[in-house]
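# Residue-level structural notes
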Amino acid sequence: MPTPANPGLSSLANKRVVLGVCGGIAAYKAVEVARRLVDAGAHVAPIMTNAAHRFIGETTLSALCSEPVQKSLWDETSPIPHTKLGQGADLIVVAPATARLLGSYAAGISNDLLTATLLATAAPVVVCPAMHTEMWEHPAVQENLATLARRGVTVVDAEPGRLAGGDIGHGRLAAPATIVAEVERCLGPNDLAGMQVIVSAGGTQEAIDPVRVITNRSTGKQGYALAAAAYARGAQVTLVSTVDQPAHPGVEVVRVESAADMQAAIMPLAAAAHVIIMAAAVADFRPASVAENKIKKGDGIDAIALQRTHDFLVDLGAQKPAHQTLVGFAAETQDLEANARGKLERKKLDLIVANDVSMDGAGFAHDTNQVVILSENNRVVVPMANKRVISDAVLDAVVQQRASIASSVNDR
Ligand code: CTP
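Every chain is numbered on its own, with residues counted from 1 as its sequence reads. Where local features are concerned, this predicted model is filtered to residues with pLDDT of at least 70; where side-chain atom pairs are given and counted, the filter is 80 or more; whole-chain, interface and lining totals use all residues. In computing side-chain properties, one takes all heavy atoms of the structure into account and sets aside hydrogens as well as water.

### Quick notes on the overall build of the protein chain
Quick note on the threshold: The way it works is that DSSP assigns letters per residue, a run of H or I at least four long becomes a helix, a run of E at least two long becomes a strand, and they are numbered from the N terminus. Exposure is judged per residue with a 1.4 Å probe applied to protein chains only, and the accessible area is read against the type maximum: over 50% gives exposed, under 20% gives buried, and values in between give partly exposed. Should any heavy atoms of two residues lie within 4.5 Å, those residues are considered in contact. When charges are tallied, Lys and Arg are placed among the positive residues and Asp and Glu among the negative ones, while His and the ends of the chain are skipped. Where a charge lies is defined by one atom per residue type: Lys uses NZ, Arg uses CZ, Asp uses CG and Glu uses CD.
Helix and strand counts for the protein chain come out as 13 helices and 19 strands. C-alpha extents for the protein chain along the principal axes are approximately 80 × 60 × 40 Å. The buried share of the protein chain, taken over its 412 residues, is 50%. Long-range pairs, those at least 24 residues apart, make up 65% of the contacts in the protein chain between residues at least 6 apart in sequence. In the protein chain, which carries 35 positive and 41 negative side-chain charges, the distance between the mean positions of the two groups comes to 1 Å.

Here's what the structure looks like:
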């Protein structure tokens, strides 16, 4: 098995995914979906309908997937390709799914290899509709989608945007990244399902004047990876970020700048959150006053006075509801575990993720990290790994901590 190009998407590694492609103009995006699934380590078995062949070449998909395209119930060496594909799949994703496919599947009619495979599987199914707005809005299509959703099929809604022929409207296939994120979530452990998770990311920016800020070396990579991992495990995720970067599909982003902004964004959401992970590098000092206009050398200012920012993780610890797991980060350059343990206790955290940012390949701006996850009674060392892998280790510790709270409540 080749090494996945994107080892982060762990729930897709070695999973057998059947990719069904129907005949719609959006079929070209299925090629990108196939590529992303294969890059994440999945074994992708493609099925094309007859009409799909009018839009994309079979060779393209066969070359990118893990095995050649299958297209017919009748011309294969196996007499029962649909049961083989359906039974062997860990998941089936149909992208694009046309109105015809949705209608046949909802009605239980198997009129080609793809619909037969969908009816012959017990694996989770993800359908990604794409069609013209008028067809998308037709009650028959909407009722078929509702029927499928009721039966447990995941529907990745079509989006508004430019359609075939240049029309603008609802019905465009979701972006390949969104489709792959939903596939990953369906295959994930689902151990954060129903939970609201807040993650903070990036270094805060404290204004000196309209053009200058005090900030730090954080790039937000660890926070973004944590948000993606939490979404893949079934959570509803809000990422409060200082970084102007698109987040993982499905993650809600709140953009902030300063420590005070971050506090104002997080505090009103905190009480309802099941998990809060403060991965952001929040400034400890800000300019005592912000100049209204750009400070000029000729203004006669020799030094800029600083004042402490408010450590709102202390507030979060003090008012932490019983249902919540509170996680802090400690970026240190010396006495890693002693400093981190001090913060764990002082800020009344459940877990703290300690990382030595002076180490090669760890901490700010790197794609990798090496951490120690500390709780009152536990210590987990996570060796150097991709930040997504580190994120899953942090979330494993969160899930374990929540399980121990639940069992101690039950024991009372
Ligand atoms: N933090 C916060 N608000 C601040 C400062 C820090 O919420 N004003 C949070 C960070 O997001 C992190 C944790 O507190 O999760 C630890 O931050 P860090 O800067 O390492 O700790 P400090 O308590 O500021 O200690 P020091 O700077 O002395 O290391």
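Don't stop here, the text continues.
### Digging into the site of the ligand
Going by this rule: It suffices for a single heavy atom of a residue to lie within 4 Å of a molecule or strand for the residue to be listed as near it. Polar contacts, as counted here, are pairs of nitrogen or oxygen atoms within 3.5 Å of one another; within protein the pair requires one atom able to donate a hydrogen and one able to accept it, and residues that are adjacent in sequence qualify only if both atoms are side-chain atoms. Here, Shrake-Rupley sampling with a 1.4 Å probe gives the accessible areas, and only protein chains in the shown set may cover a residue. Using only the protein atoms, space was sampled on a 1 Å grid; points where a 1.4 Å probe fits but cannot get out form cavities, open sets with protein on both sides within 12 Å along at least five of seven lines form pockets, and lining residues are those with an atom within 4 Å of a point. What decides whether a molecule sits in a cavity or pocket is whether more than half of its atoms lie within 2 Å of the grid points. Think of it as three bins: nonpolar holds Ala, Val, Leu, Ile, Met, Phe, Trp, Tyr, Cys and Pro, charged holds Asp, Glu, Lys and Arg, and polar takes everything else, Gly as well.
Neighbouring residues of the ligand: 14 residues in total, closest Met278, Ala280, Asp284, Lys343 and Lys347. Measuring from a nitrogen atom of the ligand, one finds a backbone N or O atom of histidine 310 at 3.1 Å. One of the backbone nitrogen or oxygen atoms of leucine 313 is found 3.3 Å away from an oxygen atom of the ligand. For the ligand, whose unbound accessible area comes to 570 Å², protein coverage reaches 78%. Most atoms of the ligand, that is more than half of them, are within 2 Å of grid points of the largest pocket. Mapped onto the shell around the ligand, the elements with two or more residues apiece are α11 (312–318) and β16 (325–332). Here the shell around the ligand is composed, by residue class, of seven nonpolar, three polar and four charged.

### Focus on the pairing of strand β19 (residues 379–386)
The test is simple: Strand pairing requires that DSSP identify at least two bridges connecting the strands.
Of the strand pairs in this sheet, strand β18 (residues 368–374) and β19 are connected by six bridges, and their pairing is antiparallel. Following the sheet pairing, isoleucine 373 is matched in β19 by valine 380. In sequence, β18 turns back onto β19 through a hairpin of four residues.

### Description of the domain arrangement of the protein chain
Here is the rule we go by: Residue ranges for the domains trace back to a domain assignment, done automatically or taken from a database. Note: buried area is the sum, over both parts, of the accessible area (probe 1.4 Å) each one loses when the two are combined. Definition used for salt bridges: Asp or Glu carboxyl oxygen within 4 Å of a side-chain nitrogen of Lys or Arg.
Taken domain by domain, the protein chain consists of domain 1 (16–187) and domain 2 (196–411). Counting residues at the interface gives six residues for domain 1 and seven residues for domain 2. With both chains or domains summed, domain 1 and domain 2 bury close to 570 Å², and 47% of this area falls on carbon and sulfur atoms. Contact with domain 2 buries area across many residues of domain 1, yet Ala181, Glu184 and Arg185 alone supply 79% of it, more than any other trio. Viewed at the interface, domain 2 and domain 1 are joined by one salt bridge. Ionic pairing is found between arginine 388 and glutamate 184, a salt bridge with its closest N-O pair at 2.6 Å. Within the side of domain 1 that touches domain 2, the residues separate by chemical class into two nonpolar, one polar and three charged.

### With respect to the sheet that holds strand β17 (residues 351–356)
Inclusion rule: Between the N-to-C directions of two axes lies an angle of 0 to 180 degrees, each axis being a line fitted to C-alpha atoms and, for a helix, fitted only over the stretch in contact.
Ordered by their spatial adjacency, eight strands build an open sheet running β12-β11-β8-β13-β16-β17-β18-β19, and the pairing between neighbours is mixed. Edge positions in the sheet fall to β12 (252–255) and β19, since each has one partner strand and no second. Averaged over neighbouring strand pairs, the angle between their axes works out to 20° when direction is ignored. As paired elements, strand β13 (residues 275–278) and β16 share four bridges and run parallel to each other. Its bridge partner being in β16, isoleucine 276 is matched across the sheet by leucine 326. Its contacts with the sheet put helix α10 (residues 259–270) on β8 (196–201), β11 (236–241), β12 and β13, and the angle it makes with β8 is roughly 170°.

### Overview of the packing of helix α4 (residues 99–107) against helix α7 (residues 139–150)
As a reminder of what qualifies: Each angle is binned into one of four classes, with values under 35 degrees roughly parallel, values over 145 roughly antiparallel, values of 65 to 115 roughly perpendicular, and all other values oblique. In this scheme, a crossing is called left-handed if the near helix is turned counterclockwise away from the far one by less than a right angle; it is called right-handed if the turn is clockwise.
It is at 9 Å that the axes of α4 and α7 come closest, and there the two elements cross at 50°. Here α4 lies oblique to α7, going by the angle between them. Classified by chirality, the crossing of α7 by α4 is left-handed. Counting all contacts with α4, which are made through Ala99, Leu102, Gly103, Tyr105 and Ala106, the residues of α7 involved are Val141, Asn144, Leu145 and Leu148.

### Things to note about the layout of surface pockets
Any empty space left between the atoms is revealed when a probe the size of a water molecule rolls over them. Basically, it comes down to this: Grid points are joined across faces, edges and corners, and a volume is the space filled by probe spheres set on the points.
Space inside the largest pocket adds up to approximately 840 Å³. Elements with a minimum of two residues in the lining of the largest pocket: α9 (221–232), α11, β16, α12 (336–346) and β17. A per-element tally of the lining of the largest pocket places β16 first, with five residues. Residues belonging to the lining of the largest pocket are distributed by class as follows: 19 nonpolar, 14 polar and nine charged.

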